[in-house]
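# Report on the structure
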Amino acid sequence: QITPRPYQKAAIKPALKGVRGPKKRARVVMATGLGKTITAALITKAFRAKTVLFLVHNNFILDHALNEFRLVFDEKTKMGTYNGMTRRKKNWQESDFVFATWQTMGRNLKRWDRRHFDLIIVDEAHHEQADTFKPVTAHFIGAKLAITATPDRADKLDIREVFGPEVVNITLEES
């Protein structure tokens, strides 16, 4: 059982308001090391999503995210990975929560119904404006939760177009 830190707890309510709102989106900005993944898991639990897609850009983060979610959810919640090594296996098809790499999901979107996921969580959401990432978030119509420590991109493309303004922005000093 996880006990959220005060700043993590403070992030849940505004994030829920966003993902439950008419635009079904929220962007949570938290400094590196403050527990964005655990915060996302706590938001997911409060949202009561039945099916979740957690998108990452590499396998290390994918495994880390799955392990963090296991700390928040019980063993009844079926979790699986969907990446280059597992896409041919069936565990992801039976999973309530799918932890996927952008690359594999992007190459296999036709396998997934647009309504399959209640909640799509985008880790390191500043990557979203990349041409390889955009089709994935555009494909799914579920609520979208973006988490990142770096909301602004060097190329000036704005992720606010997809995820809206920050509902939470917590710096190290505020934690």
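Each remark here, short or long, concerns the structure printed above.
Overview of the structure. These figures come from a predicted structure and were not determined experimentally.

Evaluated as defined, the whole model comprises 2 salt bridges. A salt bridge links Arg27 to Glu166; the shortest N-O distance between them is 3.1 Å. Residue Arg27 is located in strand S1 (residues 25–30), and its partner Glu166 is located in strand S7 (residues 166–170); the two are separated by 139 residues in the primary sequence. On the basis of relative accessibility, which here comes to 0%, the residue Arg27 falls in the buried class.

This part covers the packing of aromatic side chains. For the structure shown, the criterion picks out 9 aromatic pairs. Ring centres of Phe117 and Phe140 lie 5.3 Å apart, and the angle between their planes is 75 degrees; on these two criteria the pair is classed as edge-to-face. Of this pair, Phe117 sits in the loop between helix H4 (102–107) and strand S5 (119–123) while Phe140 sits in the loop between helix H5 (134–139) and strand S6 (143–148), and the two are 23 residues apart along the sequence. In this structure, Phe117 and Phe140 share a single accessibility class: buried. Three or more aromatic residues link up through ring pairs in this structure, and these residues are Phe54, Phe69, Phe73, Phe97 and Phe99.

For the rest of this paragraph, the subject is the side chain of Lys36. Tracing the chain through its elements places Lys36 in helix H2 (residues 36–47). Despite its burial, Lys36 pairs with no opposite charge; the closest candidate is Glu124, at 5.6 Å N-O. Contacts of Lys36, omitting those with residues within four sequence positions, involve Met30, Ala31, Ile147, Thr148 and Ala149.

This part is about the sheet that holds S1. In spatial order, the strands read S3-S4-S2-S5-S6-S1-S7; together these 7 strands make up an open sheet with parallel pairing. Single-partner strands in this sheet number two, and they are strand S3 (79–82) and S7. Shown here is a sheet whose adjacent strand axes are inclined to one another by a mean of 15 degrees, direction ignored. Bridge analysis of S3 against strand S4 (residues 97–101) gives 4 bridges, and the strand direction is parallel. Looking at S4, one finds that Thr81 is bridged to Phe99. The strands touched by helix H1 (residues 6–20) within the sheet are S1, S5, S6 and S7, with S1 carrying the most contacts at an inclination of about 160 degrees.

Criteria and cut-off values
Residues numbered from 1 in each chain as written. Predicted model: local features only at pLDDT ≥ 70, side-chain atom pairs only at ≥ 80, totals over all residues. Heavy atoms only, no water. Salt bridge = Lys/Arg side-chain N within 4 Å of Asp/Glu carboxyl O. Helix = DSSP H or I, 4+ residues; strand = E, 2+ residues; numbered from the N terminus. Buried < 20%, exposed > 50% of the residue type's maximum accessible area, 1.4 Å probe, protein only. Phe/Tyr/Trp six-rings, centres within 6.5 Å; stacked < 30°, edge-to-face > 60°. Lys, Arg positive; Asp, Glu negative; His and termini not counted. Contact = heavy atoms within 4.5 Å. Pairing = 2+ DSSP bridges. Axes fitted to C-alpha atoms, helices over the stretch in contact; angles between N-to-C directions.

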